[in-house]
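Survey of secondary and tertiary structure
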Amino acid sequence: MKGINRARTGLAGAVATFTILALAACGGGSDTAADGGDTGDGGSDLIRVGFSQLGAESGWRTANTESVKESLSKDNGFDLKFVDAQQKQENQIKALRDFIAQDVDVIAFSPVIETGWDEVLQEIKDSGIPVVLVDRTVDTTVDDPFVTWIGADFKAEGTTAGEWVAENAPDAKIFELQGTLGSGAQVDREEGFGEVVGEQIIGKASGNFTRAEGKTAVEAALQAYPDMTMIFTHNDDMGLGAIEAIEAAGKVPGKDIQIVSVDGVRDGLQALVDKKFNFVVECNPVFGDQLAELITKVYDGEDVPKETIVIDKAFDQTITQADVDARAY
């Protein structure tokens, strides 16, 4: 049988073959649902993957989850056990421990925040199960805690957004609408953007990557920073909430207050076509096929890169309705 042998610590010296996975996606509900595949001996020919998604906070994550589930299907040789953590770290930690108990071949997860994983990552390492990080990263003291990571370059996304602002709105007074504080996406996008146009930022607040909280944060910002002329939002959903708040205040989004966003989901690009967004940096969620290929290579005992960067694009208001309609997400 193909695979890399690994000893199971504390399991009577049992030896199992393993594969590796990477994944981050959305999810709805808190199911521990298998995406196809047997869970007992009858599924021994399938690569058993336990994946904890951080939540279903945005259109981006929904698209990412759909891509991952489609690629990691039973028909493609995977037994996927999927858990939506509902944006709570404690739910993810419980899911990871459940995956250890189920003796899966690979554990993959997209961490809600970067810190607080030391104990459970050590438990996973002691069990001999390989870890693949998807989309987001961790900050841990555990030595060599994961085999590989796949996702976007969040800092580069922030840098690209900042460069557009520097060229097209060098005098803008910017309110930064941040994602979940402490998450890799929030930390890195803030850093990349700030290194380019940090002196133009007049205020910051978190919208937790959701449309509702983005709207609430911008409602408060309109009162606190009446002179702001631009919003840099860490994802499209918060930006769409910002549009609602701006319009409710009697202002014109995209004109009175420009909006620069990250993600590139269909609703966000539609706002760009409608001239309510001014610039969007893509964070491509559709990389399930790359993930499946990566897992297969590990399972076959091939070397894999420590990280795989998903290629992103950027869009301005020259995008057409046909471009938006053709999007897969």
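Remember, predicted model here, so these are calculated numbers, not experimental data.

1. Concerning the pairing of strand 4 (residues 47-53)
In terms of burial, strand 4 is a largely internal element, 7 of the 7 residues being buried. Judged by which residues are buried, strand 4 turns out to be covered on both faces: I47, V49, F51 and Q53 on one side and R48, G50 and S52 on the other are all buried. Sheet analysis places strand 4 next to strand 5 (residues 78-84), joined by 7 bridges and oriented parallel. From the neighbouring strand, F51 faces strand 5, where its bridge partner is F82. Where strand 4 meets strand 6 (residues 106-109), 4 bridges bridge the pair, whose relative direction is parallel.

2. As for unusual backbone geometry
In this structure, Q86 is a non-glycine residue whose phi angle is positive, near 55°. Checked against the element boundaries, Q86 lands in the loop between strand 5 and helix 2 (89-101). Judged by relative accessible area, Q86 falls into the partly exposed class, the value being 42%. Its identity as a non-glycine residue notwithstanding, D103 has a phi of 55°, on the positive side. Along the chain, D103 falls in the loop between helix 2 and strand 6. By relative accessible area, which is 25% here, D103 ends up partly exposed.

Rules used throughout
Residue numbering note: each chain is counted from 1, following its sequence as written. Selection of residues for local features in this predicted model requires a pLDDT of at least 70, selection of side-chain atom pairs for listing and counting requires 80 or more, and totals for whole chains, interfaces and linings are taken over all residues. Heavy atoms throughout the structure, all of them, feed into the side-chain values; hydrogens and water do not. Working definition: with a 1.4 Å probe on protein chains only, accessible area under 20% of the residue-type maximum means buried, over 50% means exposed, and in between means partly exposed. Strands here are runs of E lasting at least two residues and helices are runs of H or I lasting at least four, both read from the DSSP assignment and numbered beginning at the N terminus. Two strands qualify as a pair provided that DSSP identifies no fewer than 2 bridges between them.

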